Amino acid sequence: MTDALGEAANPRKARLVVLISGGGSNLQAILDACASGELAAQVAAVISNRAEAYGLERARKAGVPALVFPKDKEILRSEYDARLAELVQSYQPDYVVLAGWMRLLSMDFLNYFPGRVVNLHPALPGTFPGTYAIARAYAAYQRGEIRQTGVMVHLVPDEGVDNGPLLAQEVVPIEDGDTLETLEARMHAVEHRLLVAALRGLIATAHLS
Ligand code: GRF
């Protein structure tokens with residue numbers, strides 16, 4: 001059944017579990033969109049691998065369970081990922097959203113949520129995978145190699161770094177007189193909007209039971 005917009009009229013809100021490692025401004029965009037009804041979803045839990053992540057405070061303020069799940073040196077990555085998957089699974093997510101989650105997830109995690117893990121990356125497909133993508137794009141601009149960068153939202157089917165089936169992307173021009181800070185600010189504004197739009201599109205095509 002679909003609604004007037006042709007979107008799936010789901011019998012319930014989509015359940016999201018959001019993984020973060022830092023400030024959580026993208027998490028905040030999701031929380032605000034859920035609160036305003038722009039997203040027919042609810043954040044069931046927020047999990048960080050770092051206790052000092054300010055995003056946890058944003059979750060608490062929104063009344064959402066905020067959990068810290070650090071990777072102890074003693075345990076193997078595969079063991080950590082499997083335990084993390086069990087924790088995430090306990091919140092019964094329809095989608096797992098990586099919003100500034102700074103760990104590469106192995107198949108020991110991804111196998112729990114086939115087709116349901118969404119990642120945000122501050123670069124265009126095939127450009128600047130990995131960390132510090134905005135700073136690396138800015139450095140390439142200063143070398144005269146590029147005049148634009150962008151943002152992508154994609155599914156995470158495997159252990160590829162910042163690549164996977166694309167859900168949304170947007171080009172962000174680098175303008176004369178830009179500093180790294182002004183570029184970062186413009187990029188984050190696009191991220192907040194694009195992530196919510198991509199999740200909205202995903203939920204609109206989902207048939208939740
Ligand atoms: C974002 O730029 C995201 O694309 C990248 O890490 C940053 C996290 O920002 N992976 P925030 O924690 O959501 O403010």
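What counts and what doesn't
Residues numbered from 1 in each chain as written. Predicted model: local features only at pLDDT ≥ 70, side-chain atom pairs only at ≥ 80, totals over all residues. Heavy atoms only, no water. Pairing = 2+ DSSP bridges. Helix = DSSP H or I, 4+ residues; strand = E, 2+ residues; numbered from the N terminus. Axes fitted to C-alpha atoms, helices over the stretch in contact; angles between N-to-C directions. Near = heavy atom within 4 Å. Polar contact = N/O pair within 3.5 Å; in protein donor to acceptor, adjacent residues only side chain to side chain. 1 Å grid on protein atoms, 1.4 Å probe; cavity = no way out; pocket = protein on both sides within 12 Å on 5 of 7 lines; lining within 4 Å. Sits in = over half its atoms within 2 Å of the grid points. Nonpolar A, V, L, I, M, F, W, Y, C, P; charged D, E, K, R; others polar. Points joined across faces, edges and corners; volume = space filled by probe spheres on them. Buried < 20%, exposed > 50% of the residue type's maximum accessible area, 1.4 Å probe, protein only.

(A) Fine view of the sheet that holds strand β3 (residues 66–68). Strand order in the open sheet formed by seven strands is β3-β2-β1-β4-β5-β6-β7, and the pairing between neighbours is mixed. The sheet terminates laterally at β3 and β7 (166–173), the two strands that pair on one side only. Along the sheet, successive strands turn relative to each other by an average axial angle of 20°, direction set aside. Here strand β5 (residues 117–121) pairs with strand β6 (residues 148–155) via four bridges, running antiparallel. Directly across from N119, in β6, lies its bridge partner H154.

(B) Spotlight on the site of the ligand. For the ligand, the full set of nearby residues is G22, G23, G24, S25, N26, G100, M102, L120, P122, H188 and E191. For the ligand, an oxygen atom lies 3.4 Å from a polar atom in the backbone of G23. One nitrogen or oxygen atom from the side chain of E191 is found 2.4 Å from an oxygen atom belonging to the ligand. According to the grid-proximity analysis, the pocket containing the ligand is the largest pocket. Listing elements by their share of the shell around the ligand, those giving two or more residues are α1 (25–36) and α6 (180–205). Across the shell around the ligand, the residue classes tally to three nonpolar, seven polar and one charged.

(C) Structural detail: the layout of surface pockets. Space inside the largest pocket adds up to approximately 870 Å³. Surrounding the largest pocket, 37 residues form its lining, G100, W101, M102, L120 and P122 being those nearest its centre. Going through the elements one at a time, α1, β5, α5 (133–142) and α6 are the ones with two or more residues in the lining of the largest pocket. Looking at side-chain class alone, the lining of the largest pocket contains 16 nonpolar, 14 polar and seven charged residues.

(D) The arrangement of unusual backbone geometry in detail. The phi angle at Q92 is positive, at roughly 50°, despite the residue not being glycine. For Q92, the location among the structural elements is in the loop between α3 (77–89) and β4 (95–98). Judged by its relative accessible area of 57%, Q92 falls in the exposed class. Positive phi, normally seen in glycine, also occurs at D162, with a value near 55°. The exposure class assigned to D162 is buried, which follows from its relative accessible area of 15%.

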